[in-house]
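Listed here are the chains, written in short residue letters.
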Amino acid sequence: MKSFFREFLRDEPAGAGEAPQIFLGAFGKHPGWNDHMDDIGLETESLVAAKKNLYIDGIGGQISSGAWEKLDAYQQIPFHHVFIWSRPPQLLVGKLWASRDGKGRSLYPMIVCAHTIGISLGNAMEGILPCLEHVRAKTIATKSADEVTAIVTHFRDALRRWIGEVGEAKPGGPRPIMDVAGFLSQIEFATANDGLSKVLAEVRGRDFRARAGEPAERFRLPGSAASPELSLEFWEHFLATQIDPAAPVFFSMPEGQYWVDAIVGEPAPADLFCLRCSPRVIPLSNDSEVKVTPAISAETQSLLDHLKAGTAPGGDRKSWISRLFR
């Protein structure tokens, strides 16, 4: 396996040129196959790496260890997630859901995942996630492996037509303006008692010396069940102000729930434990006991003002992950 930090979401497909590109893959369990599905559309190294890190090592590792089975009914949640894996200007956008194979075994999910190059996160949220939901619905409705392959191929081609209508992401340019105020109004439970300042303080407080072979960092962040797309987009932009832009960050949100899990760096199998456990097991960062100083409170407000304006905070401060690629 190639170095995760050097190669992941740094693909240079043949003939890429300046135009944005998109690839659509699927893997996991489906009734059309008696065991794990044949890979569909894993045309890039990053899609192959995503399957290994997320599905084989991560989910497979948790299943093999029995970690999720030890949780009670109040601690465990089902597979039904939307996720992004961000490393601008490349991005993975995906969905995973509970599924089973042709023999009825249901421990593993099915996953559909788009790899984009040169497409902004906002455009990906608006254009790709609805497409992935169509893929999910149509593959659930069939037990035919051939039909699943045809469905993924059809929507891959549709997405490639779609990218001709959207602009390219501009590396280093201003962030798109989000409805930050609208999102914060949806997560009022998290903004009370300095919740967002606690998140920022926790991020800043980690003694983190990440590099290849060292542990990733994990955070559980408040989200809005009504707006999973905005939840993922907000936290991607929020953490982007604090971490090295070259660091891969995995975000997942269980649909219908109120939190987002973020993993910065290369996830170990144990890091994916968060996928199926509720806040009874892993509490949210905004509920932490970390001390909030007046300086952190002021900086949180400044950061939110920049996010609302679509600008990046100034200054030359080195983030806690800035040593990642030394």
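These numbers come from a predicted model, not from an experiment.

A. Highlighting the pairing of strand β2 (residues 80-87). Counting buried residues in β2 gives 7 out of 8 residues, a clear majority hidden from the surface. Pairing of β2 with strand β3 (residues 90-98), which is carried by 8 bridges, proceeds in the antiparallel orientation. The residue bridging Arg87 from the neighbouring strand is Gln90, located in β3. Adjacent in sequence and paired antiparallel, β2 and β3 are bridged by 2 residues. Note that β2 and strand β6 (residues 249-254) share 6 bridges and pair antiparallel. For Ile84, the partnering residue across the bridge sits in β6 and is Phe251.

B. Inspection of the sheet that holds strand β1 (residues 21-28) at higher detail. The strand order across the open sheet built from 7 strands is β1-β4-β3-β2-β6-β7-β5, with neighbouring strands paired in antiparallel fashion. At either margin of the open sheet sits one strand with a lone partner, and together these are β1 and β5 (217-222). Here the average twist between neighbouring strands, direction ignored, is 15 degrees. Together, β1 and β4 (109-117) form the strand contacts of helix α5 (residues 145-162), whose direction differs from that of β1 by roughly 160 degrees. Helix-sheet contacts for helix α9 (residues 228-240) involve β2, β5, β6 and β7 (259-264), and the interaxial angle to β6 is about 155 degrees.

C. Focus on the pattern of salt bridges. This model, assessed by the stated rule, comprises 14 salt bridges. Among the ionic pairs, Arg156 bridges to Glu43, the shortest N-O distance being 3.8 Å. You can see Arg156 sitting in helix α5 and its partner Glu43 sitting in the loop between β1 and α2 (45-65), a full 113 residues away along the chain. Here Glu43 falls in the partly exposed class, since its relative accessible area comes to 43%. Arg136 is the partner of Glu133 in a salt bridge, and the nearest nitrogen-oxygen pair spans 2.9 Å. Here Glu133 pairs with Arg136, and both are found in helix α4 (residues 129-140), just 3 residues apart, close to one helical turn. For Arg136, a relative accessible area of 18% translates into the label buried. The structure contains a network of salt bridges with shared partners spanning Lys29, Asp35, Asp101 and Arg105.

What counts and what doesn't
- The residue numbers shown here count from 1 along each chain, following its written sequence.
- Per-residue local features are limited, in this predicted model, to residues with pLDDT of at least 70; the limit for side-chain atom pairs, both in listing and counting, is 80 or more; totals at the level of whole chains, interfaces and linings are taken over all residues.
- Side-chain metrics in this entry use all non-hydrogen atoms of the structure; hydrogen atoms and water are not considered.
- Type-normalised accessible area, obtained with a 1.4 Å probe on protein chains alone, sets the label of each residue: buried when under 20%, exposed when over 50%, and partly exposed for intermediate values.
- Numbered from the N terminus, helices here are DSSP runs of H or I no shorter than four residues, and strands are runs of E no shorter than two.
- Strand pairing follows a simple DSSP-based rule, namely that at least 2 bridges must link the two strands.
- What counts as an axis is a line fitted to C-alpha atoms, over the stretch in contact for a helix, and the angles between N-to-C directions run from 0 to 180 degrees.
- For this analysis, residues touch if any pair of their heavy atoms sits within 4.5 Å.
- In the sections that follow, a salt bridge refers to a side-chain nitrogen of Lys or Arg positioned within 4 Å of a carboxyl oxygen of Asp or Glu.

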